[in-house]
Amino acid sequence: MSRNNIKILPGALVCDESKLRGDITIGAGTIIHPCVNINAEAGPIIIGDSCLIEEQVSITHRLPFDQQEKENTPVMIIGSHNVFEVDCTVEAAKIGNSNVFEAKCYVGPRVTVSNGCTIGAGCRLTEEQILKENITVFGADCQMREAIDVPAKQTLQMDTLMKMLPNYHHIKKPNKKTDAFIKQI
Amino acid sequence: MAHICGPEVVKYACHCGLLRSISQLYFCRHCSKVRCSFCVCHEVDSIFCGKCSENIPSAEARVKKNRCSNCLVCPSCQQELWPRVAATKTSANPDEPKQVVKKMHYLLCQFCRWSSRDVGIPDQSSVTGFPDRENVYANRLQEVLDAYKAVVLAQKQAKENEKKKQRKKYLSYTDITGVTAAALRKRIGLPADRTHPLLKNKPKKPDNAVAVEEVDDLPEELFTEPVNLLEVTSVDQRLLYPEAQPVKMDKLFPVHKQLSIKRSLRCRACEHNVSKPEYNPNSVKFKIPLFAYYHIPDIRIVTVEPLRAGQTSELIIKFTNPTQHQTVVSFLEIALDEPEEPEIKEVEETMDSLNIQEKQHASLPSMTSTSQPSSLLSLGSHRQPMITIKPRQIFQTLNSTVEIPTSTFILPPRDDAAEFDDSGDTHNIQDDPKLVKWRKSNKAFIRLSVTPQEGLELKTEIVCGFAMKHLYTNTIFTQQPQKYEHKVKVFLTLGNLVGSE
Ligand SMILES: [Zn+2]
Ligand SMILES: [Zn+2]
Ligand SMILES: [Zn+2]
Ligand SMILES: [Zn+2]
């Protein structure tokens, strides 16, 4: 894991000031702000399409202590259309699509996030659990409720960022062609 | 402000014996005393909605049960609900292909993502048109309420009759002439009895509540099905709507937002305001802000050496002068056993002088300064006799002694510009170097020595105290600021006792 192996698909926008360490694949249309910390220390991280990862976000692929001895290296998979808001810390190894991680929330490595979930601002999920579809976690004591549909997509915001960010930041160039990526999978 | 002044390790003693941090105290300039929240009268000044920032008259608020008629809160998390626009296409005429986009609204909680669609409330064309849920027991409640109102009225009437009977001792005009009031009324063509309309057509007495002996059995699935916590409401959610107390999530309904109040505080001794907010609900400022934080030197602990039983430690505290006037601070021994001298005498003297000045002031309305509270002038003529507030003992054990310094020190006035001025301090103040460690603008760092008592157990919380005497410049009357010495007892919680070396 000493060498960095960053694969950026065309259409993704990755700011140069972001700290990416390890084997990371970034899907098309994903925006990574400066000062994002993605650390693939336990195994590769694959981020899907059209994810929005804001400032100060920390995504770490870290295994729980009792699982560290296993031989096969697990892969951390993040689906598409996920939003990681400012200063959230996410260590969950499996994340589905269209989830929102609100500002300053924490999701531990034993949590599995399915689709359409919202983890509210400042909520801390540490215990081993599987979040069912469209679950909203909110409030000081992490109450849960089931929403009727997935959170709204941030299309407008992402379109603006796609235009604005390159004007003010250095951008990491996409280094993989789409078909090459497909072949690899 | 609590987070600026916290943690609450420095406490000031109110006249009533309670200890409070400076941010929770008021300072009545008219009695020159510190007042805690129990020593002031709390009055509701205005009622407003915190979301739409609208003032609501108290009579209207009572009718609406202290809730805003426009704003709704989320039944799931009690945050405010916001209307969302959902455009739905409906063709006005099925023959025409052109579709009319109609703006529809639904309510959404940004916090927990509860929406009015969750429970099947249809989208509304207007933002405020969301229906209120009917209360099943509304009729019964109204019946009971009316009955109670009638009881209250009857009692009032009975009391008045009693008074009339007492008055009967004297001869009335009708007694002499032999014409009764009823007969008189009849003659001029009015109905004979003149009872209150609410009394006359008595509301029918509500049926008594009947206890049911046989209760239905609990539903079978309660014992067989596993509980799905996502479908069951929490206690908070149930109590938010006491009329219905929904058990299942799908029975939740938006609730009208509770109104907030602005309150003014009045000194109980002299009835002057110590805090009065501005009427505008958008404003967070005060018309009268007599908070102790603006008048009494603020004391904070800077450092304290490890505290050991029977050994002297150095304590450095910071004094800040919040006023625009120079002050002199000195220390006095604290005497807990003897309560403060009775307040009333001293106050009376100052009040007399105030009254004279107020009269002068009232005769010169053009002189009224803007800082002068208007209520002060209007109160001047018909002020009620003051309440004597008996000083009470302070229940706080001191387990360490402070060596009271004999010298005093000066605190220069606050200067907001000094914060940006790096030119250094220009005041040439001759300080006792043993007392004043360092000073900058209106702040001074003071060195004191504290000795915890002998024989205390380890980890005992050490509290020391002293009385602070400072020169206070009263500027209620701009013509001639009065200066007098103000005393306040201060208690410092210094931390826990550590082992002897
Ligand atoms: Zn008090
Ligand atoms: Zn309102
Ligand atoms: Zn809510
Ligand atoms: Zn007063």
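Look above for the structure.
Note that the coordinates shown come from a computational prediction; the quantities given were computed from them, not determined experimentally. In every chain, residue numbers begin from 1 and rise along the written sequence. Chain letters start at A and ligand numbers start at 1, both assigned in the order the entries are written. Two thresholds apply to this predicted model, a pLDDT of at least 70 for residue-level local features and 80 or more for giving and counting side-chain atom pairs, whereas whole-chain, interface and lining totals are computed over all residues. Only hydrogens and water are set aside when side-chain values are computed; all heavy atoms of the structure are taken into account.

Participant: Quick question: what am I supposed to make of the overall build of chain A here?
Facilitator: Here a helix means four or more residues in a row that DSSP labels H or I, a strand means two or more in a row labelled E, and each is numbered from the N terminus. A tally of regular secondary structure across chain A gives two helices and 20 strands. In this scheme, a residue with accessible area under 20% of its type's maximum is buried, one over 50% is exposed, and one in between is partly exposed, where area comes from a 1.4 Å probe on protein chains only. The 185 residues of chain A split such that 47% are buried. Any pair of residues with heavy atoms lying within 4.5 Å of one another is described as a contacting pair. Long-range pairs, those at least 24 residues apart, make up 30% of the contacts in chain A with a sequence separation of at least 6. Note on areas: Shrake-Rupley with a 1.4 Å probe; residue coverage comes only from the protein chains shown. Of the roughly 9500 Å² of accessible surface on chain A, 51% is carried by carbon and sulfur atoms.

Participant: Sorry if this is basic, but what is going on with the pairing of strand β12 (residues 273-277) of chain B here?
Facilitator: Regular strands have side chains that alternate between both faces of the sheet. All names here are of chain B. Counting buried positions over the five residues of β12 gives five, a clear majority of the element. Two strands pair if DSSP finds at least two bridges between them. When strand β11 (residues 260-267) meets β12, the two strands line up antiparallel, connected through two bridges. From the neighbouring strand, Arg266 faces β12, where its bridge partner is Asn273. A loop of five residues connects β11 with β12, the two strands running antiparallel in sequence, and Glu271 in this loop sits at a positive phi of about 65°. Where β12 meets strand β13 (residues 286-289), three bridges bridge the pair, whose relative direction is antiparallel. Pairing of Pro277 across the sheet is with Phe286, part of β13.

Participant: What exactly am I supposed to notice about the pattern of salt bridges here?
Facilitator: Note on pairing: side chains with opposite charge can pair once their charged atoms come close. Salt bridge criterion: a side-chain nitrogen from Lys or Arg within 4 Å of a carboxyl oxygen from Asp or Glu. Counted under the stated rule, the structure contains 14 salt bridges over all chains. Salt-bridge contacts for Lys276 of chain B lead to Asp45 of chain B; the nearest nitrogen and oxygen are separated by 3.4 Å. Residue Lys276 of chain B is found in strand β12, and its partner Asp45 of chain B is found in strand β5 (residues 40-48); the two are separated by 231 residues along the sequence. Using a relative accessible area of 30% as the deciding quantity, one classes Asp45 of chain B as partly exposed. Connected through shared salt-bridge partners, Glu41, Arg62 and Glu91 of chain A make up one network.

Participant: Please explain the coordination of the zinc ion (ligand 1) as it appears in this structure.
Facilitator: Residues and elements named next belong to chain B. Here the coordinating atoms are restricted to nitrogen, oxygen and sulfur within 2.8 Å of the metal centre, or 3.2 Å for Na, K and Ca, and because water is not among them the sites may look incomplete. At the metal site, the zinc ion (ligand 1) is ligated by Cys14 (SG), Cys16 (SG), Cys36 (SG) and Cys39 (SG), and these contacts range over 2.2 to 2.3 Å. Any coordination sphere not matching a tetrahedral pattern (four donors, all angles between 85 and 135 degrees) or a square planar or octahedral pattern (four or six donors, opposite donors over 155 degrees apart, other angles between 65 and 115) is reported as irregular. Seen from the zinc ion (ligand 1), its four donor atoms lie at angles of 105 to 113°, and the figure they make is tetrahedral. Within one chain, the residues serving as donors to the zinc ion (ligand 1) are arranged as C-x1-C-x19-C-x2-C. Here Cys16, found in the loop between β1 (10-13) and β2 (19-20), pairs with Cys36, found in the loop between β4 (33-35) and β5; they are 20 residues apart in sequence, far enough to count as distant. Grouping residues by exposure puts Cys16 and Cys36 together as buried.

Participant: How should I be thinking about the sheet that holds strand β6 (residues 52-53) of chain A in this particular structure?
Facilitator: In any sheet, the strands associate via hydrogen bonds between backbone groups, in a parallel or an antiparallel arrangement. All names here are of chain A. With mixed pairing, nine strands are arranged side by side in an open sheet as β19-β18-β15-β12-β9-β6-β4-β2-β20. Each end of this open sheet is capped by a strand with a single partner; those strands are β19 (143-146) and β20 (171-172). Of the strand pairs in this sheet, strand β4 (residues 31-32) and β6 are connected by two bridges, and their pairing is parallel. Each residue of the ladder has a partner; that of Ile31, found in β6, is Leu52.

Participant: Please clarify how unusual backbone geometry should be interpreted in this entry.
Facilitator: Trans is the prevailing form of peptide bonds, just as negative phi is the prevailing case for residues other than glycine. Positive phi values are uncommon outside glycine, yet Cys142 of chain A reaches one of about 50°. In this structure, Cys142 of chain A sits in the loop between β18 (135-138) and β19. With relative accessibility at 22%, the residue Cys142 of chain A sits in the partly exposed group. Here Gln78 of chain B, not a glycine, exhibits a phi torsion of approximately 65°, which is positive. Position of Gln78 of chain B relative to the elements: it lies in the loop between β7 (67-73) and β8 (81-90).

Participant: Help me understand the packing of aromatic side chains in this model?
Facilitator: Each aromatic ring pair is summarised here by two numbers: the centre-to-centre distance and the angle between the ring planes. All names here are of chain B. Between the rings of Phe, Tyr and Trp (Trp by its six-membered ring), a pair exists once the centres lie within 6.5 Å; its type follows the angle of the planes, with under 30 degrees stacked, over 60 edge-to-face, and the other angles tilted. One pass over the full model with this rule turns up 13 aromatic pairs over all chains. Ring plane angle 85° and centroid distance 5.1 Å describe the contact between Phe286 and Phe291, whose orientation is recorded as edge-to-face. Geometrically, the ring pair formed by Phe291 and Tyr294 is tilted, given 5.9 Å between the ring centres and 55° between the ring planes. Exposure remark for Tyr294: the relative accessible area of 39% places this residue in the partly exposed category. A connected cluster of aromatic rings, assembled from ring pairs, spans Tyr26, Phe286, Phe291, Tyr293 and Tyr294. Lys51 extends its terminal NZ or CZ atom over the ring of Trp82, reaching a point 4.2 Å from the ring centre. Here, a charge over a ring means that NZ of Lys or CZ of Arg falls within 6 Å of the ring centre while also lying within 35 degrees of the ring normal.

Participant: Explain the side chain of Asn39 of chain A here, please?
Facilitator: Of note, Asn39 of chain A is situated in strand β5 (residues 37-47). Every residue in contact with Asn39 of chain A, bar those within four places of it in the chain, is listed here: Arg21, Ile45, Ile59, Thr60 and His61 of chain A.

Participant: Hey, could you run me through the interface of chain B and chain A in this one?
Facilitator: Counting residues at the interface gives 13 residues for chain B, matched by 17 residues for chain A. Roughly 1100 Å² of surface becomes buried between chain B and chain A when both sides are summed, with 52% attributable to carbon and sulfur atoms. Looking at the side of chain B facing chain A, the largest losses of area belong to Phe111, Arg113 and Leu230 of chain B, adding up to 55% of the total buried there. Summed over the shared surface of chain B and chain A, the result is one salt bridge. What qualifies as a polar contact is a pair of N or O atoms within 3.5 Å, subject to a donor-acceptor requirement within protein and to the restriction that residues adjacent in sequence count only when both atoms come from side chains. At the surface where chain B touches chain A, the tally comes to five residue pairs in polar contact (both at pLDDT 80 or more). Gly falls in the polar group here, along with every residue not listed as nonpolar (Ala, Val, Leu, Ile, Met, Phe, Trp, Tyr, Cys, Pro) or charged (Asp, Glu, Lys, Arg). Its residues placed into classes, the side of chain B that touches chain A shows six nonpolar, four polar and three charged. Put simply, buried area is how much 1.4 Å-probe accessible surface two parts lose in total, over both of them, once they are put together.

Participant: Please explain the coordination of the zinc ion (ligand 4) as it appears in this structure.
Facilitator: Ideal values for angles at a metal depend on the geometry: 109.5 degrees with four tetrahedral donors, 90 or 180 degrees with six octahedral donors. Residues and elements named next belong to chain B. For the zinc ion (ligand 4), the protein coordination sphere consists of Cys28 (SG), Cys31 (SG), Cys267 (SG) and Cys270 (SG), at 2.0 to 2.3 Å. Geometry at the zinc ion (ligand 4) is tetrahedral, judged from the four donor atoms that bind it and their angles of 102 to 114° at the metal. Sequence positions of the residues that donate to the zinc ion (ligand 4) give the spacing C-x2-C-x235-C-x2-C. The pair formed by Cys267 and Cys270 is uniform in burial state, with each residue classed as buried.

Participant: Could you clarify how one ought to interpret the layout of surface pockets in this entry?
Facilitator: Empty space among the atoms becomes visible once a probe the size of a water molecule is rolled across them. Residue and element names in this part refer to chain B. Site definitions follow a grid-based scheme: protein atoms alone, a 1 Å grid, a 1.4 Å probe that fits but cannot get out for cavities, and for pockets an open set with protein on both sides within 12 Å along at least five of seven lines, plus lining residues having an atom within 4 Å of a point. Grid points are joined across faces, edges and corners, and a volume is the space filled by probe spheres set on the points. The calculated volume of the largest pocket comes to roughly 780 Å³. As for the largest pocket, its lining consists of 22 residues, and the residues nearest its centre are Lys64, Lys65, Arg67, Glu243 and His256. The biggest single contributor to the lining of the largest pocket is helix α3 (residues 138-167), with four residues.

Participant: What is the right way to read the sheet that holds β1 of chain B from this model?
Facilitator: The sheet built from six strands is open, its strands ordered β2-β1-β22-β21-β16-β18 (chain B) with antiparallel pairing. With partners counted over all chains shown, the strands left at the sheet margins are β2 and β18 (409-411) of chain B, one partner each.

Participant: I keep staring at a nonpolar patch on the surface and nothing clicks. Help me out?
Facilitator: A surface patch of nonpolar side chains, amounting to about 350 Å² of accessible area, comprises Val136, Tyr137 and Leu141 of chain B. Given a relative accessible area of 73%, Val136 of chain B falls into the exposed group. Nonpolar side chains (Val, Leu, Ile, Met, Phe, Trp, Tyr) are joined into patches within 5 Å and like charges within 9 Å, using only residues with over 30% relative accessible area and no salt bridge.

Participant: Whenever I open this one, the environment of Asn70 of chain B confuses me. Can you help?
Facilitator: Residue and element names in this part refer to chain B. Looking at the element boundaries, Asn70 is found in strand β7. Put simply, Asn70 and Cys49 are 21 residues apart on the chain and 9.3 Å apart in space, counted from C-alpha to C-alpha. Once residues within four sequence positions are removed from consideration, Asn70 is found in contact with Thr128 and His256.

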